[in-house]
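One-letter residues, chain by chain:
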Amino acid sequence: MTRNDRKIQFREALREAMVEEMQRDEKIFLMGEEVAYYNGAYKVSQGMLDLFGPKRVVDTPISETGFAGLGVGAAMYGLRPIIEFMSWSFCLVAADQIINNAPKMLYMSGGQFGVPIVFRGNNGAGGQLGTTHSWCVESMFAQVPGLKLAIPSTPREAKGLLKTAIRDNDPVFFLESERMLGMGARGDKDFSRYLHGGKWAPPSEEEDDDFLIPFGKANLVKTGADCTIVTAGRPLHFALEAAEALEEDGIDVEVIDCRTYRPLDIDTIVKSVRKTNYCVVVDQSWPFASIASEIAMQIYERAMDDLDNKVIRVTNDDVAAPYSKKLEQAMLPHARKIIDAVRAVTYNT
């Protein structure tokens, strides 16, 4: 992917990031179910076995406990593993390794053993996969000190954030979306007509020559004056769809893509809220103890006097993900929910 933002699918951006980093550093390897000979369950690692061989692109048994633990041990001894989960919903069988070991090892060893590891895979509803395959795990992982949490929203962000994750010396949880893997460079809907004029910001040019997008620095996707929408990952596209509809009704919203929840760029969020005086936080967690709840609380702590109404959260409904296509779509954050939230918080109902 070059700076002219050529068309590239989300899965291709992930592959480019891994290939470029593995060519740069021979200590990096990819491990997971079907990543090698099958070219990845979702074809993210297509062709990588031919490039790097079976010692660096490693097929595993269906045993997240085993290969997550192997990855943590390998990272402790100087390698830099990329561990792919076919779905983040499967991570609970490896909870001790990925939550209790990887983030805490540097502290428990008195700085002797770091764990430079990336856990990546599909997060959230993949489309009629049922409740055990449709879990959004970010609120659980974000609570754990010692790890970083990245959620890419576009192919550009996927490549830049993944390259940064692979080079990071701390464990990084990289939460992709199966529903976005076939997405082109501009997303599900083409918002490019807004990106180079008016109030819609151009793609970020923060990345350096290696295309590294920094952690802890949010992307101001659209500027606005009437309300701030804070989000990350797939919900960003619902937020942009809502912003377009609201703009037609004279409501000018500002849209912020957090990029990472750990670290969280609360300064950019607070700066925006102090300008607009209203805020809606959109995330794909369940509402209780959600990412949106934490962001709202931090806004209250830093900018309560600047708010002219409460912060409204738009999250998944507080139910298990249904199999029914229509019910699943209704359960998730979507543009209509965001539009209604913005109208309510700005007294435009």
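Residues numbered from 1 in each chain as written. Predicted model: local features only at pLDDT ≥ 70, side-chain atom pairs only at ≥ 80, totals over all residues. Heavy atoms only, no water.

Moving on, we get to helix H10 (residues 266-276). Among all positions of H10, only Ile266, Ile269, Val270, Ser272, Val273 and Thr276 are buried. With its buried residues spanning 160° around the axis, H10 presents them on a single face. Seen from the buried face of H10, the exposed residues on the opposite side, beyond 90 degrees, are Asp267 and Lys271. For H10, the secondary structure elements touched by its buried residues are strand E8 (227-231), strand E9 (253-257), strand E11 (279-282) and helix H11 (291-303). (Buried < 20%, exposed > 50% of the residue type's maximum accessible area, 1.4 Å probe, protein only. Helix = DSSP H or I, 4+ residues; strand = E, 2+ residues; numbered from the N terminus. Arc of directions from axis to C-beta. Contact = heavy atoms within 4.5 Å.)

Mapped onto the elements, Ser153 comes out in the loop between strand E5 (148-150) and helix H7 (155-167). The residues contacting Ser153, other than those within four sequence positions of it, are Phe10, Met180, Met183, Gly233, Leu236, His237 and Asp257.

What the rule picks out here adds up to nine aromatic pairs. With centroids separated by 5.8 Å and ring planes inclined at 5°, the aromatic side chains of Phe85 and Phe119 adopt a geometry described as stacked. With a gap of 34 residues between them, Phe85 in strand E3 (residues 80-85) and Phe119 in strand E4 (residues 118-122) connect regions that are remote in the sequence. Of the two residues, Phe85 and Phe119, both sit in the buried class. When the centroid spacing of 5.4 Å and the interplanar angle of 80° are considered together, the rings of Phe119 and Phe173 count as edge-to-face. Of this pair, Phe119 sits in strand E4 while Phe173 is found in strand E6 (residues 172-176), placing the two residues 54 residues apart along the sequence. Classification of Phe119 as buried rests on a relative accessible area of 0%. Taking relative accessible area as the criterion, Phe173 reaches 0% and is therefore assigned buried. Cluster of aromatic residues (ring-pair linked, three or more members): Phe67, Phe85, Trp88, Phe119, Phe141 and Phe173. (Phe/Tyr/Trp six-rings, centres within 6.5 Å; stacked < 30°, edge-to-face > 60°.)

To continue, consider the domain arrangement of the protein. Splitting the protein by domain gives domain 1 (3-195) and domain 2 (219-345). Put simply, the middle of domain 1 and the middle of domain 2, counted by C-alpha atoms, are 25 Å apart. Taken together, the contacts link 36 residues of domain 1 with 30 residues of domain 2. Seen at the junction of domain 1 and domain 2, the total is two salt bridges. For the salt bridge of Arg179 with Glu328, the shortest nitrogen-to-oxygen distance reads 3.8 Å. (Domains from an automatic or database assignment. Salt bridge = Lys/Arg side-chain N within 4 Å of Asp/Glu carboxyl O.)

With that settled, the discussion passes to the sheet that holds E3. Here seven strands make up an open sheet; going across it, the order is E2-E1-E3-E4-E6-E5-E10 and the pairing mixed. The open sheet is flanked by strand E2 (57-59) and strand E10 (260-262), the only strands paired with a single partner. Along the sheet, successive strands turn relative to each other by an average axial angle of 20°, direction set aside. (Pairing = 2+ DSSP bridges. Axes fitted to C-alpha atoms, helices over the stretch in contact; angles between N-to-C directions.)

This part is about the nonpolar core. Among the nonpolar cores identified, the biggest contains 49 residues, and Trp88, Ile98, Phe119, Phe141, Ile269, Ile295 and Ile299 are the most heavily contacted of them. The element best represented in this core is H11, accounting for six residues. Taken together, domain 1 (3-195) and domain 2 (219-345) each give at least three residues to this core, which thus spans both. Leaving out residues up to four positions away in the same chain, Ile299 has contacts with Ile266, Ile269, Val273, Cys279, Val281, Met304, Leu307 and Val311. Ranked by size, the runner-up nonpolar core spans 33 residues in total, among them Ala36, Met48, Val118 and Ile213. (Core = buried A, V, L, I, M, F, W, Y, C linked by side-chain atoms within 4.5 Å.)

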